[in-house]
Amino acid sequence: PGAMTDQGVHRLATAMLLQAVQDCMSVSNGRRNGALRWINGKDQGGFSFPFVCRVVNRDPDEVRRFCLRKATQRHVPAPLFQALFESPSFQSSAMA
């Protein structure tokens, strides 16, 4: 009871990455800076950026570059899930 399942961890990790992308594009400096600190952080522990990327089978460096690009663009892409998880660079890295 109360234990998080693999599916629950995956869903949480996916939500965390999508929120980070949204926050990177935020007009709020606090939200954007908080997301960028998490993305660029050195922590490797549970629910760190690298851990979350590995849970959803994504390369942390690829996701980091994606987020940093979005931080400079600051516009909302077509559905975030599609932009993050279906982009050609992520599809090729997921197949590697």
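Here the structure is shown first, and the text comes after it.
This section reports on the structure supplied with the text. (Residues numbered from 1 in each chain as written. Predicted model: local features only at pLDDT ≥ 70, side-chain atom pairs only at ≥ 80, totals over all residues. Heavy atoms only, no water.)

### Points about unusual backbone geometry
In step 1: Of note in the backbone geometry, Phe-47 takes a positive phi value of approximately 65° without being a glycine.
In step 2: Despite not being glycine, Asn-57 has its phi angle at roughly 60°, a positive value.
In step 3: With respect to the helices and strands, the residue Asn-57 is situated in the loop between α3 (49-55) and α4 (60-73). (Helix = DSSP H or I, 4+ residues; strand = E, 2+ residues; numbered from the N terminus.)

### Looking at the pattern of salt bridges
In step 1: In total, this model carries three salt bridges according to the counting rule given.
In step 2: Asp-23 is paired through a salt bridge with Arg-31; the nearest N and O atoms lie 2.9 Å apart.
In step 3: Linking Glu-62 and Arg-65 is a salt bridge whose minimum nitrogen-to-oxygen distance equals 2.6 Å. One end of the pair is Glu-62 and the other is Arg-65, both in helix α4 and three residues apart, which spans about a single turn.
In step 4: Relative accessible area serves as the criterion here: at 22%, Glu-62 is assigned to the partly exposed category.
In step 5: When its relative accessible area of 45% is taken as the criterion, Arg-65 is described as partly exposed. (Salt bridge = Lys/Arg side-chain N within 4 Å of Asp/Glu carboxyl O. Buried < 20%, exposed > 50% of the residue type's maximum accessible area, 1.4 Å probe, protein only.)

### Here we look at the packing of aromatic side chains
In step 1: Summed over the entire model, instances satisfying the criterion amount to two aromatic pairs.
In step 2: With a centroid separation of 5.3 Å and an interplanar angle of 85°, the aromatic rings of Trp-38 and Phe-49 are classed as edge-to-face. Here the residue Trp-38 occupies a position in helix α2 (residues 29-40), and Phe-49 occupies one in helix α3, the gap between them amounting to 11 residues.
In step 3: Exposure remark for Trp-38: the relative accessible area of 24% places this residue in the partly exposed category.
In step 4: Looking at Phe-49, the relative accessible area reads 1%, which means it is buried.
In step 5: A centroid spacing of 5.3 Å and a plane angle of 70° characterise the contact between Phe-47 and Phe-51, whose relative ring orientation is edge-to-face.
In step 6: In this structure Phe-47 comes out as partly exposed when scored by relative accessible area, which is 30%.
In step 7: By relative accessible area, Phe-51 is classed as partly exposed at 25%. (Phe/Tyr/Trp six-rings, centres within 6.5 Å; stacked < 30°, edge-to-face > 60°.)

Shape is all these values report; function is a separate question.
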